[in-house]
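Working through the structure, step by step
This is what each chain is made of:
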Amino acid sequence: MAFHTRLMLGTIATMPATLAIAGAAAVVLSGQQPTARPGNVELTTFPAEWTYRPGGEAPFAGHGMVASNCALATEAGVEILKAGGTAVDAAVTVGFALAVAYPEAGNIGGGGYAVLRMADGRTAALDYRETAPAAASRNMFIGADGKPTDASLVGHRASGVPGSVAGLLALLEKHGTLTRRQVMAPAIRLAREGFAVDGIFRTSIEQNAALIKRFAGSALFLPGGRPPEIGTRFVQADLAATLDRIADAGASGFYAGPVAAAMATEMTRGGGVVTTADLAVYKPAWRTPLVSSYRGHGLIAMPPSSSGGITLIETLNILETWSEVAPWGSAAALHRLSSAFQRAFVDRNETLADPDFVKLPIGRLASKAYARELRRTIDDARATPTKALRPLTREGHETTNYAVVDRWGNAVAMTTTINSLYGSGVWVPGAGFFLNNEMDDFAVQPGTPNQFGLVQGESNAITPGKRMLSAMAPTIVLDPKGSVLMLVGGRGGPRIITAVIQAIVNVIDHRMSLADAVGAPRVHHQALPDVLEYEKGGVPSTVVDALAAMGYVTKPGGTGSLTAIMRAKDGWQGLFDPRKHGLAAGY
Ligand code: DON
């Protein structure tokens, strides 16, 4: 469809704010003049150069819905929903199925977060993030030259103690209804019987072959030095046996016995520091979910050790201080977004960390009053250099998201990761999975950028047993009446947070459909580097020029990729980001 219209909130159509900013021209998307309609409704579309056309339809299901980055994992979740499982049961199934069919990110060698809203209104948040092993130390990744080495990213020392298995099982035990064996059956089947290699799977291996080749996973993933051919069956017998042990014994099938021994042996062989003792003491943490609001809608978000929820809430609180919404895609809207991102990331990078180790000023960071203070530091006509910003508050001193809803109204948003694609590259021989390289999410040298360019502070320095700060942001949005409206989360490190926020703002402020809210071009600012990134083709050059005139350093850049579910009339719509792959399906 060449041109598609969306209804936008009434107040904005007549608002001349964009015209006033730094002499910026009115933003006219796709060369169309904003058309005032009776009732102050405005028409807009995406820029003509943007990759995705608006107006797409997200898949619909009347009862339950699963959205993930992996078709086989989504299908496994739907199988469990159809068999009478709840969203929690199906979410656990998807988690284990990802470990088999989406090893680049959804791996049992990693960790993650879950945000739940049960049909009866109860909420919960589970932190199953990896922890630093007991032998980890503050400067373990600093070389003789005083600079960070790449050992926090590649190889055995890069891994934190994996949390995925303990997390998925804790979720099932506390909030699920089916047995371990039932929810794990699809994953065990996929591992034991194999699945047909498709183009996505093959390409993922091909693109990461240099890393995989360095470790023991190459025998399975690069037989004869090449990725498996499309159409061949990919069987993972060792992983099937590992999953089978977990189904039999529970968490001790992974954290003790032969699987734990295999991990420890591989660590010793490769100079890593995770031991059987580290595995034996790993526990996921139930946290109190962050509950907030945005323009009358409820928000249920993930608290630390992820920064995702607090950074999202702080940003949305700042945006809410403008009572009128700036036109979507305008210089004014992007300036507000960037200024809010920048301030929330300054706080994130400096202040946030594992709450079991560092006292965090969560109440203040999440408060509307604090957002009003921050708003006073924003000049509507000028960018603020990040170096002029300091946290106003101090206290004492490759990822994949998925979402599941069921016919009863239970909702689960989860993000899981081994950090980079294929994690540290290290493979556990005999047990059949890759290990994470999550140690790089610590401030390995406070003040020095990590792989995502994040410059983080002392509070996130390495300490044994501590969880490294994350940006994962599985989030549940409620409508003004308190029913689940939307589940959203994503991959992309800090770009997860800014992508999730823009999807929420697109739905609430700009009344976009789910497909448009996710497909719309996005921007990103994470305080440092002090750069406003925009997706190529997604922001017209007139707007880029207007932002530059306001003092922003702008450049084309990437964004996170999302998966989301949204309530539709008589059911649900689900979506994976058109920027990536996946499947949303239900029944
Ligand atoms: O926890 C975090 O913030 C990162 N380890 C997430 C990594 C990520 O999203 C990679 N995705 N493609």
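Since the model is a prediction, treat every value here as computed from it, not as a measurement.

Points about the sheet that holds strand E21 (residues 583–586)
The antiparallel open sheet is built from 7 strands, whose spatial order is E7-E4-E3-E11-E10-E2-E21. Every interior strand has two partners, whereas the edge strands, strand E7 (285–287) and E21, have only one. When the angles between neighbouring strand axes are averaged without regard to direction, this sheet yields 15°. Alignment of strand E3 (residues 111–117) against strand E4 (residues 123–128), held across 6 bridges, turns out to be antiparallel. Within E4, the position partnered with Gly112 by the bridge is Tyr128. Along the sheet, helix H3 (residues 87–101) contacts strand E2 (65–68), E3, strand E10 (400–405) and strand E11 (411–417); its crossing angle with E10, the most-contacted strand, is approximately 150°. Strands E3, E4, E7, E10 and E11 of the sheet are contacted by helix H4 (residues 164–175), whose axis makes an angle of about 155° with E4.

Structural notes on the nonpolar core
Core analysis: the largest hydrophobic core is formed by 91 residues, its most contacted members being Leu316, Leu319, Ile476, Met486, Leu487, Ile501 and Ile504. Looking at this core element by element, the count peaks at 10 residues for helix H17 (residues 494–508). Not counting residues up to four positions away in its chain, the partners in contact with Met486 are Thr475, Ile476, Val477, Ala503, Ile504, Val507, Leu514, Ile565 and Met566. By size, the runner-up hydrophobic cluster in this structure holds 81 residues, among which are Val94, Ile108, Tyr128 and Val274.

Some remarks on the pattern of salt bridges
Taken as a whole and judged by the stated rule, the model has 25 salt bridges. Its salt-bridge partner being Arg129, residue Glu438 comes within 3.3 Å of it at the nearest N-O pair. The exposure class assigned to Glu438 is buried, which follows from its relative accessible area of 0%. By relative accessible area, Arg129 is classed as buried at 0%. The salt bridge involving Asp570 is made with Lys569; its shortest N-O contact spans 3.4 Å. In this structure Asp570 comes out as exposed when scored by relative accessible area, which is 61%.

Examining the packing of aromatic side chains
Considering all chains together, one arrives at 15 aromatic pairs under this definition. Note on Phe195 and Phe201: the rings are 5.2 Å apart at their centroids and 85° apart in plane angle, and the pair reads as edge-to-face. Chaining the aromatic ring pairs together yields one cluster made of Phe195, Phe201, Phe221, Phe234, Tyr422, Trp427 and Phe434. A cation over a ring is seen here: Lys174 above Trp286, with NZ or CZ 4.6 Å from the ring centre.

Describing the site of the ligand
In the vicinity of the ligand lie 15 residues, with Glu398, Thr399, Asp441, Ser470 and Ala471 positioned nearest. Separating an oxygen atom of the ligand from a side-chain N or O atom of Arg129 is a distance of 3.0 Å. Within the side chain of Asp441, one N or O atom sits 2.5 Å away from a nitrogen atom of the ligand. In the complex, 97% of the free accessible area of the ligand, which totals 340 Å², lies under the protein chains. A class-by-class count of the residues in the shell around the ligand yields 4 nonpolar, 6 polar and 5 charged.

Focus: helix H9 (residues 237–249)
Its 13 residues place the ends of H9 18 Å apart at the C-alpha level, agreeing with the 18 Å of an ideal helix rising 1.5 Å per residue. For H9, every residue scored as buried is listed here: Leu239, Ala240, Thr242, Leu243, Ile246 and Ala247. Down the axis, H9 shows its buried residues gathered within 160° of arc, on one side only. For H9, the exposed residues lying more than 90 degrees away from the buried face are Ala237 and Asp248. Where the residues of H9 are buried, they touch H3, H4, helix H5 (180–193), helix H10 (252–255), helix H11 (257–270) and strand E13 (433–434). Gly250 occupies a position one or two residues after H9 and carries a positive phi of about 80°.

What to know about the sheet that holds strand E18 (residues 554–556)
Pairing in this open sheet of 3 strands is mixed, and the strands run E16-E17-E18 from one edge to the other. Whereas interior strands pair on both sides, the edge strands pair on one side only; in this sheet they are strand E16 (523–524) and E18. In this structure, strand E17 (residues 532–534) lies alongside E18, joined through 3 bridges in parallel fashion. Looking across to E18, one finds that Glu533 is bridged to Lys555.

The rules behind these values
- Residues numbered from 1 in each chain as written.
- Predicted model: local features only at pLDDT ≥ 70, side-chain atom pairs only at ≥ 80, totals over all residues.
- Heavy atoms only, no water.
- Pairing = 2+ DSSP bridges.
- Helix = DSSP H or I, 4+ residues; strand = E, 2+ residues; numbered from the N terminus.
- Axes fitted to C-alpha atoms, helices over the stretch in contact; angles between N-to-C directions.
- Contact = heavy atoms within 4.5 Å.
- Core = buried A, V, L, I, M, F, W, Y, C linked by side-chain atoms within 4.5 Å.
- Buried < 20%, exposed > 50% of the residue type's maximum accessible area, 1.4 Å probe, protein only.
- Salt bridge = Lys/Arg side-chain N within 4 Å of Asp/Glu carboxyl O.
- Phe/Tyr/Trp six-rings, centres within 6.5 Å; stacked < 30°, edge-to-face > 60°.
- Lys NZ or Arg CZ within 6 Å of the ring centre and 35° of its normal.
- Near = heavy atom within 4 Å.
- Polar contact = N/O pair within 3.5 Å; in protein donor to acceptor, adjacent residues only side chain to side chain.
- Areas by Shrake-Rupley, 256 points an atom, 1.4 Å probe, with all protein chains shown as cover.
- Nonpolar A, V, L, I, M, F, W, Y, C, P; charged D, E, K, R; others polar.
- Expected span 1.5 Å × (residues − 1).
- Arc of directions from axis to C-beta.

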